[in-house]
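Chain residues, written in single-letter form:
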Amino acid sequence: MSNDVLVLAERVGKQITDSTYELLGKARELADAWGGRAEVALFGPSEGAEQLGGADAVICIDHPALSDYVPEAYETALLHVLTQRAPRLLLLSNATVGLDLGAALSVRWDAPLAAYAVDLAVDGDALVATTQILGGKILAEVELGGSRAIATVVGGSLPPMTPAGSAEVVTLAPPAELDSSRMSVLQVFEPSGGDVDITAADMLVSIGRGIGSQDNLELAEELAQALGAPVSASRPIIDAGWMPKTRQVGKSGLKVKPKAYLAFGISGAPEHLEGMRSAELIIACNTDAKAPIFDVAHYGTTVDLFDLMPALAEKVKG
Amino acid sequence: MRIVVLMKAVPDLVEEIELTPEGNDIDREFLKFVLNEWDDQALEEALLVKEASGGEVVAVGLAGDADIDQSLYTAVAKGADSAVKVIGEATQTHERAALLAAYLRENPADLVLTGVQAPDDLDGQLAPMLAAHLGLPHVSVVVAVAVGEGAVVVRQEFAGGRSQEVSVKTPAVIGVQAARQTPRYAPISRIRQVMQSGALPEVAVAAEASGSGLRVRRMYEPEKTSHAHMLTGSADEVAEKIIELIRARGLVKG
């Protein structure tokens, strides 16, 4: 067993993602505590390796099957790296890539997995993860037994590492299984333009499940118009098809940081909070006084949104 | 095409969650259990696939899940061709995946759909774990499934509004984030009719023992590091205070 920590690097275009740096910071901390190395696996063309200074090594595998993110090919390549490098811990983002790979590798690499981790710490001989479950209502402190482990970490939970210097680059020959893929990427879709850019707005009128029905969107639109702010929404509104994907705030939507974020009928699932918690002023309206949105909001009210929205619109209009 | 939808009962998050006296698990005794909302999305997507391309939809749950019968009957009422309970109990995804893999080895499916995650799967998500047991390709965070020749084409979502279309050879396991439309409702009368028409068949499987390797030290409610300052009064009074707050930041004119 080694004392190394391995991070899987993710890229958007040629840019290493923020979550990779968050994982790398924790990898550095744990590897130092164990007296091991912090290593990063980077798949596809090795450009990007120079952005990963701060790691002890960047482990590169290139193969035509790895030029896009193909879940199966990435799993094959990552299992190969795990077998070759035998780290004590693998860190993945708890987003699409980590959701594809973490649980599968838990079985295939035979290692316990702590999903939805918000922190990891060494406690004597044990590795302890704090994970967020039940919609953020409960935190669980779990010990990962055995000589190797995997954690998928929720984005924004850890401070990112600032890359510095340069890391040793180790290139591994691609495993033969990459030649026989059952999966291929047909098309990649970038976020569609043409709609309002909610990430550029000073203020957002944001709605969630509490709005009840599509007909009630009028209330939000009327208020938004009076305030000169666009309407944004949490996931259920987008899934219901009531608003386009370009208006979605949260983990699988957009991260926003307006001067004011007015949340109506949003309970505040962790996935939503991830997308808006750094807004300068958050005012939340929800009839459930215990809704998690009130833990990140600066001001809150349990007044019914169906009374509050029209009252606000009327007062703004004067 | 045989499409299996895996369904799990999870604690209703609308309810207060209590912990056991030992403090290392949630107290399930008085909890209300509901269908995992992502599994409901998976069922909807399966029914849409069936409507578009034909096939048979089988809803599968674990007999040990509290209140799973209601969800399975509802699945049939919505349009699933049948529902089955696999005998066994699982609190961890690792145990669940081993049981359901044993079922699927005996009763193979062309396509397995299930929710991308569940609120209580702290040892990992079912779809990839199950696929690893069965040696099948898998894709998670899927928002649309279309059937092609010997393959399915799925749309997989990423953060920031990016997505990609992936062709996956069948048999395959798909973790569904959202169906192409809001899950349909089944009228209560139809659910009752299904319930009266027969019991849910139970299937015994021979699964290998499988643990997660995790030990929960403790569970606790997150400490509130901060809480919103609550504005009280009538809707008019609260509206007045909110406008003052945003006006102070120069965001409302006048």
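As for the overall build of chain B
A tally of helices and strands in chain B yields six helices and 13 strands. Once the C-alpha set of chain B is aligned to its principal axes, its extents read approximately 70 × 45 × 40 Å. Split into buried and exposed, the 254 residues of chain B put 54% on the buried side. Taking the contacts inside chain B whose residues are at least 6 apart along the sequence as the reference set, 72% of them involve residues at least 24 apart. Carbon and sulfur atoms provide 48% of the accessible area of chain B, an area that totals close to 11000 Å². Chain B carries 24 positive and 37 negative side-chain charges, and their two centres are separated by 5 Å.

Some thoughts on the pattern of salt bridges
Under the definition given, this model contains 34 salt bridges over all chains. Across the pair Arg28 of chain A and Asp32 of chain A runs a salt bridge, and its minimum N-O distance is 3.1 Å. Placement of both Arg28 of chain A and Asp32 of chain A in helix α1 (residues 18–34) is noted, with a separation of four residues, approximately one turn of the helix. The shortest N-O distance in the salt bridge between Lys245 of chain A and Glu157 of chain B comes to 3.1 Å. With one member in each of two chains, Lys245 of chain A in the loop between α5 (235–239) and β15 (260–264) and Glu157 of chain B in strand β8 (residues 151–157) form a pair that bridges those chains.

Things to note about the sheet that holds strand β12 (residues 214–220) of chain B
Overall, mixed pairing links the 10 strands, which are arranged β11(A)-β5(A)-β4(A)-β1(A)-β6(A)-β10(A)-β7(A)-β8(A)-β9(A)-β12(B) in an open sheet. The sheet terminates laterally at β11 (168–171) of chain A together with β12 of chain B, the two strands that pair on one side only. Recorded for the sheet is a direction-independent mean angle of 30° between the axes of neighbouring strands. In terms of strand pairing, strand β8 (residues 126–133) of chain A meets strand β9 (residues 138–144) of chain A through seven bridges, oriented antiparallel. Paired with Thr131 of chain A across the two strands is Ala140 of chain A, which belongs to β9 of chain A. Contacts from helix α3 (residues 96–108) of chain A reach β1 (5–8), β6 (89–93), β7 (113–123) and β10 (149–153) of chain A within the one sheet, and its direction differs from that of β6 of chain A by about 150°.

Brief notes about the interface of chain A and chain B
Listed as interface residues are 85 residues of chain A and, on the opposing side, 82 residues of chain B. Carbon and sulfur atoms supply 58% of the area that chain A and chain B bury against each other, a total of about 7200 Å² over both sides. At the junction of chain A and chain B, the tally comes to 10 salt bridges. Here Asp236 of chain B and Lys315 of chain A are joined by a salt bridge, their closest N and O atoms 3.8 Å apart. For the interface between chain A and chain B, the tally reads 36 residue pairs in polar contact (both at pLDDT 80 or more). A per-element tally of the side of chain A that touches chain B places α3 of chain A first, with nine residues. Its residues assigned to classes, the side of chain A that touches chain B comprises 45 nonpolar, 17 polar and 23 charged. Pairing analysis gives six bridges linking β9 of chain A to β12 of chain B, with the strands arranged antiparallel. Counted as the bridge partner of Glu143 of chain A is Arg215 of chain B from β12 of chain B.

What about helix α2 (residues 68–78) of chain B?
All names here are of chain B. A large share of α2 lies buried, amounting to nine of its 11 residues. Among all positions of α2, only Ile68, Ser71, Leu72, Tyr73, Thr74, Ala75, Val76, Ala77 and Lys78 are buried. Looking at the buried positions of α2, the neighbouring elements they touch are β2 (9–11), β3 (33–35), α1 (37–53), β4 (56–62), β5 (82–86) and α5 (188–196). Of the residues trailing α2, Gly79 is marked for its positive phi of about 135°.

Topic: the pairing of strand β9 (residues 163–169) of chain B
With five of seven residues buried, β9 of chain B is to be regarded as a mostly interior element. Pairing geometry for strand β12 (residues 183–189) of chain A and β9 of chain B, over six bridges, is antiparallel. Within β9 of chain B, the position partnered with Met183 of chain A by the bridge is Val168 of chain B. Relative to β9 of chain B, β8 of chain B runs antiparallel, the two being bridged by seven bridges. Within β9 of chain B, the residue paired with Val152 of chain B across the bridge is Val168 of chain B.

Some details on the packing of helix α4 (residues 217–227) of chain A against helix α8 (residues 305–317) of chain A
All names here are of chain A. At their nearest, the axes of α4 and α8 sit 9 Å apart, and the two run at 25° to each other. Classified by the angle between their axes, α4 and α8 sit roughly parallel to one another. Crossing hand, α4 versus α8: left-handed. Residues Leu219, Ala220, Glu222, Leu223, Ala226 and Leu227 of α4 pack against Phe306, Met309, Pro310, Leu312, Ala313, Val316 and Lys317 of α8. Residues that form the contact of α4 with α8 fall into these classes: 11 nonpolar, no polar and two charged.

Examining unusual backbone geometry
In this structure, the amide linkage connecting Thr170 of chain B to the following residue, Pro171 of chain B, adopts the cis form with an omega of 0°. Here Pro171 of chain B is to be found in the loop between β9 and β10 (172–176). Its identity as a non-glycine residue notwithstanding, Ala86 of chain A has a phi of 45°, on the positive side. Along the chain, Ala86 of chain A falls in the loop between α2 (71–85) and β6.

Some thoughts on the sheet that holds strand β7 (residues 138–147) of chain B
Taken in spatial order, the 10 strands line up as β12(A)-β9(B)-β8(B)-β7(B)-β10(B)-β6(B)-β1(B)-β4(B)-β5(B)-β11(B) in an open sheet, and their pairing is mixed. Either end of the sheet is taken by a strand with one partner, and the two such strands are β12 of chain A together with β11 (202–203) of chain B. Both β7 of chain B and β8 of chain B contribute to a ladder of five bridges, which runs antiparallel. Note on β8 of chain B: the bridge partner recorded for Ala144 of chain B is Arg155 of chain B. Of the strands in this sheet, β12 of chain A together with β7, β8 and β9 of chain B touch α2 of chain A, which is tilted by about 155° from β7 of chain B.

Remarks on the side chain of Glu141 of chain A
With respect to the helices, strands and loops of the structure, Glu141 of chain A is situated in strand β9. Excluding anything up to four places from it in sequence, Glu141 of chain A contacts Val128, Ala129 and Thr130 of chain A together with Arg215, Val216, Arg217, Arg218 and Tyr220 of chain B.

Focus: the domain arrangement of chain A
When the domains of chain A are assigned, the result is domain 1 (5–180) and domain 2 (198–317). Just the C-alpha atoms count here: the centres of domain 1 of chain A and domain 2 of chain A sit 34 Å apart.

Reading the values: rules and limits
Residues numbered from 1 in each chain as written. Chains lettered and ligands numbered in written order. Predicted model: local features only at pLDDT ≥ 70, side-chain atom pairs only at ≥ 80, totals over all residues. Heavy atoms only, no water. Helix = DSSP H or I, 4+ residues; strand = E, 2+ residues; numbered from the N terminus. Buried < 20%, exposed > 50% of the residue type's maximum accessible area, 1.4 Å probe, protein only. Contact = heavy atoms within 4.5 Å. Areas by Shrake-Rupley, 256 points an atom, 1.4 Å probe, with all protein chains shown as cover. Lys, Arg positive; Asp, Glu negative; His and termini not counted. Charge placed at Lys NZ, Arg CZ, Asp CG, Glu CD. Salt bridge = Lys/Arg side-chain N within 4 Å of Asp/Glu carboxyl O. Pairing = 2+ DSSP bridges. Axes fitted to C-alpha atoms, helices over the stretch in contact; angles between N-to-C directions. Buried area = accessible area lost by both parts, 1.4 Å probe. Polar contact = N/O pair within 3.5 Å; in protein donor to acceptor, adjacent residues only side chain to side chain. Nonpolar A, V, L, I, M, F, W, Y, C, P; charged D, E, K, R; others polar. Parallel < 35°, antiparallel > 145°, perpendicular 65-115°, else oblique. Left-handed = near helix turned anticlockwise from the far one by under 90°. Domains from an automatic or database assignment.

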